[in-house]
Amino acid sequence: MLERSQSTQQQARETIANGGVVIYWRPGCPFCERLDAHLGALGDEATWVNIWEDPQAEAHVQSLNDGNSTVPTVDTGDISFVAASDKLRERTAKLLRNVVEGKQAQQS
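Residues numbered from 1 in each chain as written. Predicted model: local features only at pLDDT ≥ 70, side-chain atom pairs only at ≥ 80, totals over all residues. Heavy atoms only, no water.

(A) Quick peek at the nonpolar core. Counting 25 residues, the largest nonpolar core has V21, I23, Y24, L39 and V74 as the members making the most contacts within it. When contributions to this core are tallied by element, the ones reaching two or more residues are β2 (22-25), α2 (30-39), β3 (47-50), α3 (55-64) and α4 (86-107). Leaving out residues up to four positions away in the same chain, L39 has contacts with R4, I23, W48, R89, T92, A93 and L96. (Core = buried A, V, L, I, M, F, W, Y, C linked by side-chain atoms within 4.5 Å. Buried < 20%, exposed > 50% of the residue type's maximum accessible area, 1.4 Å probe, protein only. Helix = DSSP H or I, 4+ residues; strand = E, 2+ residues; numbered from the N terminus. Contact = heavy atoms within 4.5 Å.)

See the structure below:
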């Protein structure tokens with residue numbers, strides 16, 4: 001199981017409104033585990049939402065994926081995708097690096 005801090009759909013909305021990245025996941029999902037391992041510490045920059053613990057989150061994921069509860073779904077508000085391939089796991093990492101760079105620029 002993922003060892004990330006867990007959030008709600010309400011927190012996910014706030015993350016997206018602030019330019020962040022939300023990752024929707026569920027326990028037992030091997031693609032979610034691979035994404036988590038690929039991201040390492042960078043994954044701490046994302047808001048992680050377990051769709052099995054938040055019905056609003058599951059409904060949101062379904063709205064993004066043609067009615068399916070497919071995870072891991074990555075959402076920024078502008079774009080969303082299922083990060084089940086190496087290419088899309090790397091795309092997720094790039095989005096999170098951009099978030100980190102944006103935070104660093106604001107602090108300068």
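Next comes the rest of the write-up.
(B) Broad picture of the pattern of salt bridges. Summed over the entire model, instances satisfying the criterion amount to two salt bridges. Residue R89 pairs with D86 through a salt bridge whose shortest N-O separation is 2.5 Å. One end of the pair, R89, and the other, D86, are both in helix α4, three residues apart, so they sit about a helical turn from each other. R97 is paired through a salt bridge with E90; the nearest N and O atoms lie 2.6 Å apart. Under the relative-accessibility criterion, R97 is labelled partly exposed at 35%. (Salt bridge = Lys/Arg side-chain N within 4 Å of Asp/Glu carboxyl O.)

(C) Just the packing of α2 against α4, in detail. Interhelical geometry of α2 versus α4 gives an angle of 45 degrees and a closest axis separation of 10 Å. As summarised for this structure, α2 and α4 are arranged oblique, according to the angle between their axes. Seen along the crossing, α2 lies across α4 with a hand that is right-handed. On α4, the residues that touch R34, L35, H38 and L39 of α2 are R89, E90, T92, A93 and L96. Grouping the constituent residues of the contact of α2 with α4 by class yields four nonpolar, two polar and three charged. (Axes fitted to C-alpha atoms, helices over the stretch in contact; angles between N-to-C directions. Parallel < 35°, antiparallel > 145°, perpendicular 65-115°, else oblique. Left-handed = near helix turned anticlockwise from the far one by under 90°. Nonpolar A, V, L, I, M, F, W, Y, C, P; charged D, E, K, R; others polar.)

(D) Structural context of the pairing of β2. Side chains V22 and Y24 project from β2 onto one buried face, and the interleaved I23 and W25 project onto a second face that is buried too. Looking at chain direction, β2 and β3 are connected through four bridges and run parallel. Bridging across to β3, V22 finds its partner in T47. Handedness of the crossover is the feature at issue here: the chain leaves β2, passes through α2, returns alongside β3, and the resulting connection is right-handed. (Pairing = 2+ DSSP bridges. Right-handed = clockwise from strand over helix to strand, strands pointing away.)

(E) How the structure looks around the packing of aromatic side chains. Tallying each qualifying case throughout the model produces zero aromatic pairs. Taking NZ or CZ as reference, R34 lies 5.1 Å from the ring centre of F31, over its face. (Phe/Tyr/Trp six-rings, centres within 6.5 Å; stacked < 30°, edge-to-face > 60°. Lys NZ or Arg CZ within 6 Å of the ring centre and 35° of its normal.)

(F) Quick look at α2. Within the sequence span of α2, burial applies to C32, L35, D36 and L39. Projection of α2 onto a plane perpendicular to its axis shows the buried side chains occupying an angular sector of 100 degrees, all on one side. Buried residues along α2 sit in contact with β2, β3, β4 (73-75) and α4. Note on α2: the residue one or two positions beyond its end, G40, has a positive phi of about 55 degrees. (Arc of directions from axis to C-beta.)

Purely spatial values, then, with no claim about function.
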